[in-house]
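Residue-level structure breakdown
Spelled out, the chains give:
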Amino acid sequence: MQNDEVSSRDVDVVVVGAGFSGLYLAHRATQMGLSVQVLEAGSGVGGTWFWNTYPGARCDVESIDYSYSFSDELQQGWVWSERYAAQEEILAYLNHVADRFDLRRHIRFDTRVSTAEFDGSGWVVTTEQGDTVSATFCVMASGGLSAPKKPDIAGLDDFAGQSFHTARWPKEGVEFAGKRVAIIGTGSTGVQLVPMVAREADQVYVLQRTPNYVVPAGNRPLGEGELDTVKATYPERRQNARRTASGVPAAAKPGPGKDLSDAARREVYERMWAIGGAPAILRGFTDVMTDPGVNVFVADFAREKIAQTVRDPETAESLSQRDFPFGAKRLCLETDYFEAYNRPNVELVDLRKKPLERVTAGGFVAGGEEYAVDVILLAIGFDAISGAVTEIDVRGRDGVSLKDYWADGPKATLGLQVAGFPNLFLVNGPGSPAVLGNVVAFAEQHVEWITDCIGYLRDNGVGTIETTPESDETWADHVDEVGGQTLYVRAKSWYTGENVPGKPRRFLPYAGGLDRYRDRCDEIAAKGYDGFVLSREHDPAEAASG
Ligand code: NA7
């Protein structure tokens, strides 16, 4: 970079996190001739896929799409074995990427960042070990689902057995044979975990507070011929995905279900159930998410499938969601989940009928009944989207804390930058569309925008870039408004922050879709970062509007 102050820094860019986003950032920034230091809390690359090693952990986006598109050699060379990749395979892929592009030399592992402070022209990041790294730019590639939710369960500290959050699974594994196990939580994680633990443990109690809509994953091995067909048209497939709302290629367009008879709808949905996966099932008709009658049809269909599978009618009813529309929360994809409840060693504890009172030294008490267990698995979710950033003490101009700035709810222009925090970028931050689709496609878009922006600043001798409070508010209001038009606001979930007690309610992801979002980001960049404040000098008073 150009001026003396900047060149005296350790690196041009410091990146927090070596998951999908951080790895690509390191690759792209170094390709541009920038120096990069990635700081990673884990002892290996992979982020979410490094930490979530619980049995059954698997992606809910198809492997051929949930992968980088930036290198044709990479996508042609890598062989995915299943429709939905298991955690081990995604982690192996990310390790391959780190080696193939020689990224490890930019990464410091076992290094958790505790503070990040703007010093007038750049960032000083401090690690838990007390080391500092100074950089012109700081990028939070710290992940949307990487801050485990703190358990709000009475008595958990008194438990004498083994207990941990599923995203902190012991690396040495867990022996379930001969054990009684409680699994708290029935989101995607719980749904994947239950059948796996049920195969080994003596007894499994599944503690469910809210039933979710759970649909067949339709996972299967990928035939070699099938993968070859995809590879032959990968560039077109990726191009197609870039122009969709969700970052996965658009399938042939179905028609609306509104005017069809129930029998005709049923025929379509039997097919969708057999295909499995969220895109088929959410978009079996074009109006599942907009027409209340069609939505109720699909919800009824899903409940019928449970009743056909789960033998005990009371358990089947407890597993059936009736309070919010189909698709209002991210669908959970299952393999053998409902069948698990037919096993003699699995019992659903419906916390709506038997509230969880407390954990004791030897188990838990729900609805006045005592249950003895040896292990408690906390599949209770995450302080999503903003939690990994607010865990760090981030201080911007004049020492202002990001946590304080976000006291009423996280806000960031385009989900990328925050007023008062110059040269700080967020990947897949609050206000970005990432979690509503294929996170890898969104991460690539973010990383490309951020690195292009840094390139622009370098080429134009600009010292800092930041947003304004007005722009943050306007974008957050827009995100709220667009989110308010969807069914997502009809359920309490990590999309709104309501899964974490005390977290201000705000619809966090931008529901306008990748295509619209990309256009908006590109338009702003093409106009020299219109609406952002670009400053040649480091004195904000001399800042010139971009
Ligand atoms: P989720 O989807 O946030 O699910 C967490 C589950 O844990 C959910 O069933 C919660 O019930 C339950 N929970 C949380 N706290 C408690 C307490 N205190 N008592 C009982 N039950 C509790 O997290 P996941 O890890 O499953 O999935 C996250 C994302 O990862 C997923 O959407 C995919 O994108 C991948 P609640 O619904 O709050 O009543």
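This write-up is about the structure you can find in this document. (Residues numbered from 1 in each chain as written. Predicted model: local features only at pLDDT ≥ 70, side-chain atom pairs only at ≥ 80, totals over all residues. Heavy atoms only, no water.)

1. Some points on the sheet that holds strand E13 (residues 356-359)
The 3 strands lie next to each other as E13-E14-E15, forming an open sheet whose pairing is antiparallel. The sheet is open, and its two borders are formed by E13 and strand E15 (369-372), each paired with just one other strand. Direction aside, the axes of adjacent strands within the sheet are offset by 20 degrees on average. In the sheet, E13 pairs with strand E14 (residues 363-366) via 3 bridges, with the strands oriented antiparallel. Within E14, the residue paired with Val359 across the bridge is Phe364. (Pairing = 2+ DSSP bridges. Helix = DSSP H or I, 4+ residues; strand = E, 2+ residues; numbered from the N terminus. Axes fitted to C-alpha atoms, helices over the stretch in contact; angles between N-to-C directions.)

2. Considerations on the sheet that holds strand E16 (residues 375-378)
Taking strand neighbours across the sheet as the criterion, the 5 strands line up as E7-E16-E8-E9-E12 in an open arrangement whose pairing is parallel. Every interior strand has two partners, whereas the edge strands, strand E7 (162-165) and strand E12 (346-350), have only one. Sheet twist, expressed as the average angle between the axes of neighbouring strands with direction ignored, equals 15 degrees. In the packing of helix H6 (residues 188-198) onto the sheet, contacts are made with strand E8 (180-184), strand E9 (203-208), E12 and E16, and the angle to E8 comes to roughly 175 degrees. (Contact = heavy atoms within 4.5 Å.)

3. Considering helix H2 (residues 20-31)
Its 12 residues give H2 an end-to-end C-alpha distance of 17 Å, which sits within 8% of 16 Å, the value for a rise of 1.5 Å per residue. The buried fraction of H2 amounts to 9 of the 12 residues, a majority that puts the element mostly inside the structure. What H2 keeps buried is the set Phe20, Ser21, Gly22, Leu23, Tyr24, Leu25, Ala26, His27 and Ala29. Looking one or two places after H2, you find Gly33, whose phi comes out positive at around 90 degrees. (Expected span 1.5 Å × (residues − 1). Buried < 20%, exposed > 50% of the residue type's maximum accessible area, 1.4 Å probe, protein only.)

4. Things to note about the packing of aromatic side chains
Inspection of the entire model under this criterion finds 40 aromatic pairs. Taking the centre distance of 5.7 Å and the plane angle of 70 degrees together, the rings of Trp78 and Trp80 count as edge-to-face. Residue Trp78 is classed as buried on the basis of its relative accessible area of 15%. A relative accessible area of 4% places Trp80 in the buried class. For the ring pair Tyr205 and Tyr371, a centre distance of 5.0 Å and an interplane angle of 75 degrees mean the geometry is edge-to-face. Of this pair, Tyr205 sits in strand E9 while Tyr371 sits in strand E15, placing them 166 residues apart in sequence. Owing to a relative accessible area of 13%, Tyr205 belongs among the buried residues under this scheme. With a relative accessible area of 5%, Tyr371 lands in the buried category. Ring-pair connections join several aromatic residues into one group, and the members of that group are Phe20, Tyr24, Trp49, Tyr66, Tyr68, Phe70, Trp78, Trp80, Tyr93 and Phe101. Above the ring of Tyr405, the side-chain terminus of Lys411 is found at 4.7 Å from the ring centroid. (Phe/Tyr/Trp six-rings, centres within 6.5 Å; stacked < 30°, edge-to-face > 60°. Lys NZ or Arg CZ within 6 Å of the ring centre and 35° of its normal.)

5. Observations regarding the site of the ligand
Lining the immediate environment of the ligand, one finds 20 residues, of which Lys149, Asp152, Thr189, Arg209 and Thr210 sit closest. Here a nitrogen atom of the ligand sits 2.9 Å away from a polar atom, N or O, in the side chain of Asp152. In isolation the ligand exposes 780 Å². Once the protein is present, 87% of that is buried. Within the shell around the ligand, the residues separate by chemical class into 8 nonpolar, 7 polar and 5 charged. (Near = heavy atom within 4 Å. Polar contact = N/O pair within 3.5 Å; in protein donor to acceptor, adjacent residues only side chain to side chain. Areas by Shrake-Rupley, 256 points an atom, 1.4 Å probe, with all protein chains shown as cover. Nonpolar A, V, L, I, M, F, W, Y, C, P; charged D, E, K, R; others polar.)

6. Details of the pairing of E16
In E16, alternate side chains face the same way, and those of Val375 and Leu377 on one face and Ile376 and Leu378 on the other are all buried. Bridge analysis of E7 against E16 gives 4 bridges, and the strand direction is parallel. Residue pairing for E16: Ser163 is matched across the bridge by Ile376.

7. Describing the nonpolar core
Counting residues in each nonpolar core, the largest one holds 62 residues, and the members touching the most others are Tyr68 and Trp449. With 7 residues, the single largest contributor to this core is helix H16 (residues 439-459). Of all hydrophobic cores here, the second largest spans 30 residues; its members include Ala201, Cys332, Tyr341 and Val346. (Core = buried A, V, L, I, M, F, W, Y, C linked by side-chain atoms within 4.5 Å.)

8. Quick look at unusual backbone geometry
At Ile385, a residue that is not glycine, the phi angle is positive and equals roughly 65 degrees. The topology assignment puts Ile385 in the loop between E16 and helix H14 (387-390). In this model, Asp398 sits at a positive phi of 55 degrees, which is unusual for a non-glycine residue. Checked against the element boundaries, Asp398 lands in the loop between strand E17 (393-395) and helix H15 (402-405). We classify Asp398 as exposed; its relative accessible area is 77%.

9. A few points about the pairing of E14
Counted along the chain from E13 to the antiparallel partner E14, the turn is 3 residues long. As defined by bridge partners, E14 adjoins E15 across 4 bridges and the pair is classed as antiparallel. Of the residues in E15, the one forming a bridge with Phe364 is Tyr371. In sequence, E14 turns back onto E15 through a hairpin of 2 residues, with Gly367 there showing a positive phi of about 55 degrees.

10. Observations regarding the pattern of salt bridges
When their charged atoms lie close together, side chains carrying opposite charge are able to pair. This model, assessed by the stated rule, comprises 28 salt bridges. One salt bridge in this structure joins Arg395 and Asp393, with 3.0 Å as the shortest N-O distance. The salt bridge involving Arg505 is made with Glu498; its shortest N-O contact spans 3.3 Å. Assessed through its relative accessible area of 45%, Arg505 is described here as partly exposed. Judged by relative accessible area, which is 28%, Glu498 ranks as partly exposed. (Salt bridge = Lys/Arg side-chain N within 4 Å of Asp/Glu carboxyl O.)

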